[in-house]
Amino acid sequence: MQQLTKSWLRASDHLANSVLEANRATLAALGFSNGSQSETRQTKPNVESVAYDEQDWTDTRTVETPEDIQPGDFVTFSKTISEEDVHSFARASGDTNRLHLDDSFASETRFKGRIAHGTLVSGLISAALARLPGVVVYLSQDTRFLSPVEIGERLTAEVEVVEVLDTDRFRLSTTVTNEDEEAVIDGEAVVLVDPAPDGGE
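None of the values given here were measured: they were computed from a predicted structure. (Residues numbered from 1 in each chain as written. Predicted model: local features only at pLDDT ≥ 70, side-chain atom pairs only at ≥ 80, totals over all residues. Heavy atoms only, no water.)

### Some remarks on the sheet that holds strand E6 (residues 183-194)
Operational definition: Two strands qualify as a pair provided DSSP detects at least 2 bridges between them. Secondary structure elements follow DSSP: runs of H or I no shorter than four residues count as helices, runs of E no shorter than two count as strands, and numbering proceeds from the N terminus. Between N-to-C directions, angles cover 0 to 180 degrees, with each direction set by a line fitted to C-alpha atoms, over the stretch in contact for helices.
Reading across the sheet, the six strands line up as E1-E2-E4-E5-E6-E3 and stay open at both edges, with antiparallel pairing between neighbours. Each edge of the open sheet is held by one strand with a lone partner, namely strand E1 (58-61) and strand E3 (135-145). Averaged over all pairs of adjacent strands, the angle between strand axes in this sheet comes to 20 degrees, irrespective of strand direction. Direction of pairing for strand E2 (residues 74-80) relative to strand E4 (residues 154-166): antiparallel, over a ladder of seven bridges. Across the sheet, Phe 74 pairs through a bridge with Glu 160, a residue of E4.

If you want it as structure tokens, here you go:
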């Protein structure tokens, strides 16, 4: 029941954020500015994540400023692992294992086909962290790989704050799930969160 409630809250939050952002975009396109948002920024500014975005990517978060991060806050990041992602990662990392790149070779392995690099998949956790408010710095990451990921699968990384270690350090649970909401990776991270520079808001 607790997992169902959490999933419902996550979906509700995502829907509310999507509607809010769509409304803001529509008003901006029509030449209107949101005066109330400017007033809110003067008293307690929302801090944008310092990450860039692509059209296929989606994210949600439950906290808007670094100083408000508390246990229970979470951020999610979703994207499809594409053919281009796998080849780009192989070139960037030097991990040219044929399991990821050669169809005929991979078809003879236990996986019966090519799979995405585990480290590429775990990188979605870092992508989710980048969407927290402020500048997030990894201090440690423990990871368990639970299931292979086929190329073309859409995945969602979720990080949830489980403990405040210091004013700027947090322990997080880290999970990556597939479209069937099955975990392919889980683990735990410790991060440092600095305020974003003025140009990052």
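### Topic: the nonpolar core
Grouped burial of nonpolar side chains is what soluble globular proteins tend to show. Operational definition: Only buried Ala, Val, Leu, Ile, Met, Phe, Trp, Tyr and Cys residues count toward a nonpolar core, and they belong to the same one when joined by side-chain atoms within 4.5 Å. Three labels apply to residues, based on accessible area from a 1.4 Å probe with only protein chains included: buried if under 20% of the type maximum, exposed if over 50%, partly exposed otherwise in between.
By size, the foremost hydrophobic cluster in this structure holds 28 residues, and its most contacted members are Val 121 and Val 176. It is helix H6 (residues 118-129) that provides the largest number of residues to this core, a total of seven residues.

### Brief notes about the environment of Ala 127
Turning to its location among the elements, Ala 127 is positioned in helix H6. Judged by relative accessible area, Ala 127 falls into the buried class, the value being 18%. Sequence separation between Ala 127 and Ala 51 is 76 residues, and the spatial gap between their C-alpha atoms is 8.0 Å.

### Digging into the side chain of Thr 76
Just so we agree on the cut-off: Contacts described as polar in this section are N or O atom pairs within 3.5 Å, which, within protein, must combine one atom able to donate a hydrogen with one able to accept it, while residues neighboring in sequence count only if both atoms come from side chains.
Topologically, Thr 76 is positioned in strand E2. There is a polar contact of 2.6 Å between the side chain of Thr 76 and the side chain of Thr 60.

### Looking at unusual backbone geometry
Phi at Lys 112 takes a positive value of approximately 60 degrees, unusual for a residue other than glycine. Here Lys 112 lies in the loop between helix H5 (103-107) and H6. On the basis of relative accessible area, Lys 112 is assigned to the exposed category, the value being 63%. Of note in the backbone geometry, Glu 181 takes a positive phi value of approximately 60 degrees without being a glycine. Tracing the backbone shows Glu 181 in the loop between strand E5 (169-177) and E6. Looking at Glu 181, the relative accessible area reads 63%, which means it is exposed.

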